[in-house]
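The chain contents come next:
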Amino acid sequence: MKVGLIANPASGKDIRRIVAHGSVFDNQEKVRMVRRILTGLREAGVEEVLFMPDSYAIVERALLDLPADRRPPSIEPLVYWQHNTQEDTVRAAELLEEAGAAVMIVLGGDGTARAACRGSRNLPILALSTGTNNVFPVMTEATVAGLAAGILASGALPMDKGCYEADILEILVNGEVRDLALVDVAVAREAFVGSRAVWDMDRISALFLARCKADSIGLSAIGGQIVHCAPDSGTGLALDLQGPAQRTVRAAIAPGLFVSAGIASHSIMHKGETFAVEQSGVLALDGERDLVLHKKDTACVRLALRGVQVVDVPKTLEAARTRTLFARQIG
Amino acid sequence: MARKTYLQALNDAMRQEMERDPSVFILGEDVGKFGGCFGVTQGLFDQFGERRVRDTPISESAIVGAAAGAASAGLRPIAELMFVDFIGVAMDQLFNQAAKMRFMFGGKAKVPMVLRMPQGAGVNAAAQHSQSLEAWFMHIPGIKVCIPSTPADAKGLLVSAIRDDNPVVFLEHKLLYGIEGEVDDDLYEIPLGSGRVVREGSDVTIVATALMVHRALEAAEILAKDGISVEIVDPRTLVPLDKECILTSGRKTHALVVVQEAVKTAGAGAEIAAMVAEEAIEYLDAPIVRLGAPFCPVPFSPPLEQAYMPSVDKIVEAVRNQR
Amino acid sequence: MMQTDKTVLLDMFRTMNKIRFFESEVQKFFAAGQIPGFVHLYLGEEAVATGVCAALGKSDMITSTHRGHGHCLAKGGDLNLMMAEIFGRLDGYCKGKGGSMHIADFNIGILGANGIVGGGGPLSVGAALSCQYKGNKDVAVCFFGDGASNQGTTQESLNLASAWKLPLVFVNENNGYAISLAQRKAMAVTDIADRAAAYDMPGVVVDGNDVLAVYEAAQQAVERAREGQGPSLIECKTYRWRGHFEGDACVYRSEEELAEWKAKDPIPRFARQLVDREVATQAELDAITNEVAEAVAAAVRFAEQSPYPSEEHLVEDVYA
């Protein structure tokens, strides 16, 4: 019956607003989205919400302007020491799982959703887009997203009727799973993490995609011009960008930014099959340079045997319609 | 030589300086196609284009500060504020930034900017559009202050102000924009700090600025009929102040009347009177008299506004009473 | 995405250490009563000035703040002349007439630190206007704090810079406090970068304690400005280790908060990255640190040996 809520105050503000044409997603809009989510949860009968406290107090601000009868009765912060880094999101997701939340709603971009899944790979996630290059989070009205999460959390609809399992990538360093990515892993010829974002294809030597399709934005758009891997297909795509190019692909890897990428070869990834990372450098996970590989490290990427459960809003609400959850016959 | 208005003289000075020096440009509110609120920049936009005649938003701090920044980076901006009264919102950029850069930075900065601002009462513009604030600027070391009274002075002083390497506040009287006078067509400078004896006389010295120079001239005509010979000195710039010009006249006539349009309290006239008292009191046969506006804001209603400004009659009366 | 030439990286390491040693010495000599007036130290914020100025050339210009020592050093300011100025001596940058809050060096584009919060914004607009007017591809950078972002001058400057597409990069150093007032009590937003949207310019947030993140963002914003694409706003989240001024008891913030930020010290963090990535050995870094420490010590000696200005200098330099 509990729903978790993570709203990242830092999403949508990275360097891609300078190097590309990313939106400045201000936190006031996140506040308004949280209000709409809470009304949806209330409508679905959810009684308890646990949320990640953040430096902007997104949820607290949302409550200031939302009457008590339009939100769940209990809305409480998770208690832990905030560091105002990505680790807050990871920790919040861990605590939500421990507290027995049924589902977590995450506001942010691909990076935020990834942090939440690092914290809990068991909780079903409904990720709403407030970031930059969003492939994993969905752009949908927060009100109905709240409603969908709510009817799954409240048990009005069984969880499996509204979710699907999304494939994810695992990164192994020296034989151990070190990290994960929800959409893409890029091997960058960089020495440093720096400003995190990735926008220069000349510095990318390989790409691993958990999903890709033609209308994507971000690095997965490159693979999307070659094959279509649905999120729950059990397949991914590995691209070698280092060898002699066999073809070039043009794709939008950031908002308003088209680039050409020379592809040496591509191969389909199947669950559990490992692909070696051929060089040291920095791995960009879901568009953010994050993991630094040393010369002595051996690293590989694989499509995980078990993905994450993702709330599918249209599917959930369609199931609710067929069960007439919100339509009552009169008389 | 040609007959020009004060406004045309200012316009000529800017036009000719901009033709001569590509680093000179204009910025301010409505200075472009519109030609400035009083029309002083008329035609300059058409001649020089928007790169050099720049309309700004109504952001006085940004206007004055951008002028100071551009000047310190090697340009020669002429900034215009629509009324001197608006300097309040931009004062920091003038008195803490532009004025102090050279001294604070040990003599390394040059801030060759001009800040043109119309001032003065007489157009029923009420309390926030009519003040005479020259004393504010005189009080801040690092700024020069010009306050021309004639078309010829307006041109020569503005040329000097543009060429000067310091921030120069250039105060234009709204009621003088339409007056005519002989103005040289060529470019010429009037050195800042050179006062002018406007009328020679032997019995009393009137030191006056801007509109008050013209009222003093009228008063002098009336007093001449009484047999009182009035000498009128227009300092033309208040910083630097041509002390010698004033002292020489005072030593000759042995009487001093200082007339300003601004509020009398703590005004430019007080500074001039004190300077003469310090340096030449032994030459004076009568106490120094100061004339200025009463200690109240500028009123709106026309009769009240007339009562507010020092008039010809009040100047005549002051000179007579001094004797 | 980032030019990571070894020389550039080691220069950044040198600059950060230069600021750290310089400010530590200023702190010491101020406490000992040998530096008059007020000083506002940059300790803890070294990565911001360093990362930004590493993206600038000599003829690019900066305007600075109260807390300006770091900006001046990062832009290439001379240690001796700076230290002597802060000591109030004749051989200082401004002949002892400016002091800590008013250091400028027009030859290398330092248009002056500023004692007025928000004072630098309009000046930076003018500086950037001069670049655009001359068409010389130079850019200006306006450093300003979270406090200054609430001044009208800053908002006027953001607007005008964007309206005129000036080659200007606004670098906000958000250290969380405007003197004693926590940012959360002073403004309804947490990210000053959000305000960029109101002026139709890119606004980004970077980790102000990560010199490489700052450097990369600055490089991109500077390049954008040089290409004529207009201003950007980079908000660097950082923290000042000392109070607003030396002697500030810091009753408005907790020891825990300070400890947390000290753990994010930008200098060892960068050193670790350099060694880790085999850009330099620890011995090379140690050599740089020692060399800088010696240079700062020499600057103190230079300052101490310089005379105070005499009264004959008092009214000089009021006018050009």
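Residues numbered from 1 in each chain as written. Chains lettered and ligands numbered in written order. Predicted model: local features only at pLDDT ≥ 70, side-chain atom pairs only at ≥ 80, totals over all residues.

(A) Fine view of the sheet that holds strand E7 (residues 169-173) of chain A. All names here are of chain A. Strand order in the open sheet formed by 4 strands is E8-E7-E18-E15, and the pairing between neighbours is antiparallel. Among the strands making up the open sheet, the edge pair consists of strand E8 (176-181) and strand E15 (274-277). The average angle at which neighbouring strand axes cross in this sheet is 30°, direction not considered. Bridge count for E15 against strand E18 (residues 299-303) is 4 bridges, and the pairing is antiparallel. (Pairing = 2+ DSSP bridges. Helix = DSSP H or I, 4+ residues; strand = E, 2+ residues; numbered from the N terminus. Axes fitted to C-alpha atoms, helices over the stretch in contact; angles between N-to-C directions.)

(B) Examining the pairing of strand E2 (residues 140-145) of chain C more closely. Residue and element names in this part refer to chain C. Burial within E2 is extensive, with 6 of its 6 residues counted as buried. Of the two faces of E2, the one carrying Ala140, Cys142 and Phe144 and the one carrying Val141, Phe143 and Gly145 are both buried. Examined bridge by bridge, strand E1 (residues 61-63) and E2 share 3 bridges and lie parallel to one another. Directly across from Met61, in E2, lies its bridge partner Ala140. Bridge analysis of E2 against strand E3 (residues 168-174) gives 6 bridges, and the strand direction is parallel. Across the sheet, Ala140 pairs through a bridge with Leu168, a residue of E3. With respect to chirality, the unit in which E2 leads through helix H6 (residues 152-163) into the neighbouring parallel E3 is right-handed. (Buried ≥ 20, exposed ≤ 12 C-beta atoms within 10 Å, placed from the backbone. Right-handed = clockwise from strand over helix to strand, strands pointing away.)

(C) Highlighting the interface of chain C and chain A. On the chain A side, the residues contacting the 26 residues of chain C number 21 residues. No other element matches helix H8 (residues 211-226) of chain C, which puts 7 residues into the side of chain C that touches chain A. Along the lines of polarity and charge, the residues of the side of chain C that touches chain A split into 15 nonpolar, 6 polar and 5 charged. (Contact = placed C-beta atoms within 7 Å. Nonpolar A, V, L, I, M, F, W, Y, C, P; charged D, E, K, R; others polar.)

(D) Spatial organisation of unusual backbone geometry. In the segment running from Val239 of chain B into Pro240 of chain B, the intervening peptide bond is cis, with an omega of -5°. For Pro240 of chain B, the location among the structural elements is in the loop between strand E12 (237-239) and helix H9 (243-253). Phi is positive for Asp286 of chain A, close to 50°, though the residue is something other than glycine. On the secondary structure map, Asp286 of chain A appears in the loop between strand E16 (281-285) and strand E17 (288-293). Assessed through the 32 C-beta atoms surrounding it within 10 Å, Asp286 of chain A is described here as buried. The backbone of Ala266 of chain B shows a phi angle near 55°, a positive value even though the residue is not glycine. Tracing the chain through its elements places Ala266 of chain B in the loop between strand E13 (256-263) and helix H10 (268-280). For Ala266 of chain B, a count of 14 C-beta atoms within 10 Å translates into the label partly exposed.

(E) Seen up close, the packing of helix H2 (residues 46-53) of chain C against H8 of chain C. Residues and elements named next belong to chain C. It is at 7 Å that the axes of H2 and H8 come closest, and there the two elements cross at 35°. Along this stretch, H2 crosses H8, giving a crossing that reads as right-handed. Contacts between H2 and H8 involve Ala47, Val48, Thr50, Gly51 and Val52 from the first element and Val211, Val214, Tyr215 and Ala218 from the second. Along the lines of polarity and charge, the residues of the contact of H2 with H8 split into 7 nonpolar, 2 polar and no charged. (Left-handed = near helix turned anticlockwise from the far one by under 90°.)

(F) Expanded view of the sheet that holds E3 of chain C. Residues and elements named next belong to chain C. The sheet built from 5 strands is open, its strands ordered E1-E2-E3-E7-E6 with parallel pairing. Two strands bound the open sheet, and with one partner strand each, they are E1 and strand E6 (203-207). Strand-to-strand twist of the sheet, defined as the mean angle between neighbouring strand axes without regard to direction, takes the value 20°. One ladder, built from 6 bridges, connects E3 with strand E7 (residues 232-237); its direction is parallel. Its bridge partner lying in E7, Asn172 is registered against Glu235. Contacts from H8 reach E3, E6 and E7 within the one sheet, and its direction differs from that of E7 by about 170°.

(G) Examining the domain arrangement of chain A more closely. All names here are of chain A. Here chain A is partitioned into domain 1 (2-166 + 308-322) and domain 2 (169-303). Taking only C-alpha atoms into account, the centre of domain 1 sits 26 Å from that of domain 2. At the junction of the two partners, domain 1 supplies 20 residues and domain 2 supplies 22 residues. Of all the secondary structure elements, the ones that give two or more residues to the side of domain 1 that touches domain 2 are helix H1 (16-19), helix H5 (110-119) and strand E6 (163-166). Top element by residues in the side of domain 1 that touches domain 2 is H5. It accounts for 6 residues. Taken together, the residues that form the side of domain 1 that touches domain 2 break down as 9 nonpolar, 5 polar and 6 charged. (Domains from an automatic or database assignment.)

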